[in-house]
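# Remarks on the overall topology
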Amino acid sequence: MAPAVDVGSSADIIQSLKAKAKQVDLSIFPDGLKTTGQHPPLADKIYPYSAFPKRIEGPTEWKAEDYANNPERWVHQFSEEELAEISKTADDFIALGKPLTGINKDNFRLPGLEPALITMRRELLNGKGFILYKGFPVDEWGLHKSAVAYMGLGAYLGYPVSQNGHGHILGHVKDLGEDSTQIDKVRIYRTNARQFFHADDCDIVGLLCISKAEFGGESDVASIHHVWNILQAERPDVAELLTQPVWYFDRKGEDSEGEDPYIKAAVFYLETPDPADPAREQRVYCKWDPYFVRSLSRFSDAGIIPPLSAAQEEAVKLLEDTCERVKLHMILDVGDIQFVANSHTLHARTAYRDFGPDSGKPRRHLMRLWLSIPEDEGGWRLPFWDSAEKKRGGIQVDDTPPVARLDAD
C-alpha cells in the first residue's frame, strides 16, 4: 500500500526533530520529557483515498444502540476496595510533598487496580474507545486530593501532555466568561458554548466532573468508524475530500518560535505500516475540530491561505450531522470520570448555563487530562514525526514549563 505522495525518505527529517526533542532543559522538564506539540503530517505518510477501506468492521465500529441500554458495557462503579486503594495512594503521594506534575506510575502504585486499568486502556485504544467511571468522592476528598488521585489514575493510561500555551497538564473546563464568538482567540472549553464533535490533540482525554451546570453541558460520543462507513455509503465524495491534505487548522496563537500559525493537514488518515508486521491492518484515524478550521479568516481574508471551499463547507456540516445521527449521549454526574480515545471517536458537549451567583452553588467544573501513548506502548501509528515519542501531541509553546493548578486561570 503506497503513500499518496512519494517525496523520498523522511528519515533525516524525523531524526533531526527527534534529536531536538531530546535536548530538554531538565530544570524546566525534570522527567526529561517535553510535550512535542502540534505538527503537520509527514507528506510521505499520507495515503490516497483509494487506499482507504470501503467499510470498517470490528469493535471500533459501533452504534449508539449497542450501548445506550447496556450501561454495564461501558459504565464502571468504583468499589469500596478500589476507592480505598486510590485514597491511600493519594494520601501517601501528598505526604511526599511532591508537585502534581511529578505523578507517575512508579510513585503512585495501584497493584490491586492496575490489571483492570490495563484492560480498560486496551479497550480504549483498540475497542469502543470510551468508558465512564462513577463514584469518585470529589466532595469528600476536595480539589487537591481529587486531582492527585485523578492524575494518578491517568498515569496508568498515558503520559500527561500540555493542553495549551500555558503548559497546563491538568486542565479545567469551566466558563470563564470569555467570548465564544471570538474563535480565533478563545478556546471553547473556557466558555459555556456548544462544543461540536471534535478530537483533542492527544491519544486519550479524561474528564472528571467536580460540579455540574444548572442546565446542559452534557456529553456525546460518536464512533468515527461508523461515521466513515456512512460517508462511504452515502457520500464517498465527502469521504475522499476529508482524506486530502487541503485543510488548514488554526494554532490560535499557541505556536512556538519559527512555527507557522496554522497547520495544513487532512482529517482522515491511515495508520502507518508496522515495521515488525507489514501485514498488520492500517486503521483509519481521525483528527478534527471544526472550531480550529473555521477560525482562520484573518489569514484567508489576507490571501495567505485559501478560504474553505463550498465543498469543504458542506463536508464540515455533513461530518457534524453524521456524528449527530449516531451519537451516544451521556450525562456526567459529580464524581464521574469519562475517558475517550481521540484516535477513532469524536466527542461533543451541549451548551450550558451555570447556577446564578445567588444560588450558593459552584460553576460547572471538569478537570481535564490529555494523555499520550507512544507507538511502542500500544499507541496508534500516526503520520507525524513524533509518533514514537512518549509525550507526543499536545500543545507546547517554546519551553513553557508544565503546571498542574487546582482550578482554572
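Summary of the structure given here. Just so we're clear, the structure is a prediction, and the values are computed from it rather than from any experiment.

Another aspect to go through is the overall build of the protein. The secondary structure content of the protein amounts to nine helices and 17 strands. Rg of the C-alpha trace for the protein: 21 Å, near the compact-globule value of 22 Å for 409 residues, within the 12% margin. Expressed along its principal axes, the backbone C-alpha trace of the protein runs to roughly 55 × 45 × 45 Å. For the protein, the share of sequence-separated contacts (at least 6 apart) that also reach a separation of at least 24 residues comes to 81%. By element, 53% of the accessible surface of the protein is carried by carbon and sulfur atoms, the whole surface being about 17600 Å². Treating the 47 positive side-chain charges of the protein as one cloud and the 64 negative ones as another, the clouds have centres 0 Å apart.

This next bit is on the side chain of His 365. As for its placement among the helices and strands, His 365 is situated in strand S17 (residues 365-372). Overall, the relative accessible area of 3% leaves His 365 in the buried class. Looking at His 365, its side chain comes within polar contact range of the side chain of His 172, at 2.9 Å.

Our next topic: unusual backbone geometry. Its identity as a non-glycine residue notwithstanding, Lys 252 has a phi of 55°, on the positive side. Within the secondary structure layout, Lys 252 lies in the loop between strand S9 (247-250) and strand S10 (262-265). Here Asp 398, not a glycine, exhibits a phi torsion of approximately 50°, which is positive. As for its placement among the helices and strands, Asp 398 is situated in the segment after S17.

Positionally, Pro 307 belongs in the loop between helix H8 (297-300) and helix H9 (310-326). Leaving out residues up to four positions away in the same chain, Pro 307 has contacts with Ser 300 and Gln 312.

The next point concerns the sheet that holds strand S15 (residues 345-349). Reading across from one edge, S5-S15-S8-S13 is the order of the four strands in this open sheet, with antiparallel pairing throughout. Edge strands, defined here as strands with exactly one partner in the open sheet, are strand S5 (195-198) and strand S13 (328-330). Averaged over all neighbouring strand pairs, the angle between strand axes comes to 15°, with direction disregarded. Bridging between strand S8 (residues 219-223) and S13 involves three bridges; their strand directions are antiparallel. In the sheet register, Val 221 faces S13, and the bridge partner there is Leu 328. The strands touched by H9 within the sheet are S5, S8, S13 and S15, with S5 carrying the most contacts at an inclination of about 90°.

This structure, assessed with the given rule, holds 18 aromatic pairs. Judged by centre distance (5.0 Å) and plane angle (55°), the ring pair of Trp 62 and Phe 130 falls under tilted. Linking Trp 62 in the loop between helix H1 (11-21) and strand S1 (75-77) with Phe 130 in strand S2 (residues 130-134), this pair joins segments that are 68 residues apart in sequence. Side by side, Trp 62 and Phe 130 carry an identical accessibility label, which is buried. In this structure, Arg 283 packs its charged tip against the face of Trp 380, placed 3.9 Å from the ring centre. In this structure, Lys 287 packs its charged tip against the face of Phe 384, placed 5.5 Å from the ring centre.

What follows deals with the packing of helix H5 (residues 224-234) against H9. How two helices sit against one another is set out by the angle between their axes and by the gap between those axes. Here H5 crosses H9 at 120°, and the two axes come no closer than 10 Å. By the angle between their axes, H5 is oblique relative to H9. The hand of the H5/H9 crossing is right-handed. Here H5 contributes Ile 224, His 226, Val 227, Ile 230, Leu 231 and Glu 234 to the contact with H9, which in turn contributes Leu 318, Leu 319, Thr 322, Cys 323, Arg 325 and Val 326. Classifying every residue of the contact of H5 with H9 gives eight nonpolar, two polar and two charged.

A word on the environment of Arg 235. Looking at the secondary structure, you find Arg 235 in the loop between H5 and helix H6 (236-243). Residues in contact with Arg 235, not counting those within four places in the same chain, are Ile 230, Glu 314 and Leu 318.

Moving on: the nonpolar core. Ranked by internal contacts, the top residues of the largest apolar core, which has 47 residues, are Trp 247, Val 267, Phe 268 and Trp 288. When residues no more than four places from it in sequence are discounted, the contact partners of Trp 288 are Phe 197, His 198, Ala 199, Trp 247, Phe 249, Val 267, Val 293, Val 316, Leu 319 and Leu 346. Grouped together as the second largest cluster of nonpolar side chains are 39 residues, Leu 83, Leu 100, Leu 117 and Leu 125 included.

Our next topic: the pattern of salt bridges. Under the defined criterion, the tally for this structure stands at 34 salt bridges. Its salt-bridge partner being Lys 212, residue Asp 333 comes within 2.9 Å of it at the nearest N-O pair. Within this pair, whereas Asp 333 is found in the loop between S13 and strand S14 (337-341), its partner Lys 212 is found in the loop between strand S6 (204-211) and strand S7 (215-216), the two being separated by 121 residues in sequence. You can call Asp 333 partly exposed: its relative accessible area is 32%. Among the residues examined, Lys 212 registers a relative accessible area of 33% and is labelled partly exposed. For Arg 235, the salt bridge identified is with Glu 314, shortest N-O distance 2.8 Å. Pair noted here: Arg 235 is in the loop between H5 and H6 and Glu 314 is in helix H9, with a separation of 79 residues, a long-range link.

Definitions and limits used
- Residues numbered from 1 in each chain as written.
- Predicted model: local features only at pLDDT ≥ 70, side-chain atom pairs only at ≥ 80, totals over all residues.
- Heavy atoms only, no water.
- Helix = DSSP H or I, 4+ residues; strand = E, 2+ residues; numbered from the N terminus.
- Rg over C-alpha atoms; globule rule 2.2 N^0.38 Å.
- Contact = heavy atoms within 4.5 Å.
- Areas by Shrake-Rupley, 256 points an atom, 1.4 Å probe, with all protein chains shown as cover.
- Lys, Arg positive; Asp, Glu negative; His and termini not counted.
- Charge placed at Lys NZ, Arg CZ, Asp CG, Glu CD.
- Buried < 20%, exposed > 50% of the residue type's maximum accessible area, 1.4 Å probe, protein only.
- Polar contact = N/O pair within 3.5 Å; in protein donor to acceptor, adjacent residues only side chain to side chain.
- Pairing = 2+ DSSP bridges.
- Axes fitted to C-alpha atoms, helices over the stretch in contact; angles between N-to-C directions.
- Phe/Tyr/Trp six-rings, centres within 6.5 Å; stacked < 30°, edge-to-face > 60°.
- Lys NZ or Arg CZ within 6 Å of the ring centre and 35° of its normal.
- Parallel < 35°, antiparallel > 145°, perpendicular 65-115°, else oblique.
- Left-handed = near helix turned anticlockwise from the far one by under 90°.
- Nonpolar A, V, L, I, M, F, W, Y, C, P; charged D, E, K, R; others polar.
- Core = buried A, V, L, I, M, F, W, Y, C linked by side-chain atoms within 4.5 Å.
- Salt bridge = Lys/Arg side-chain N within 4 Å of Asp/Glu carboxyl O.

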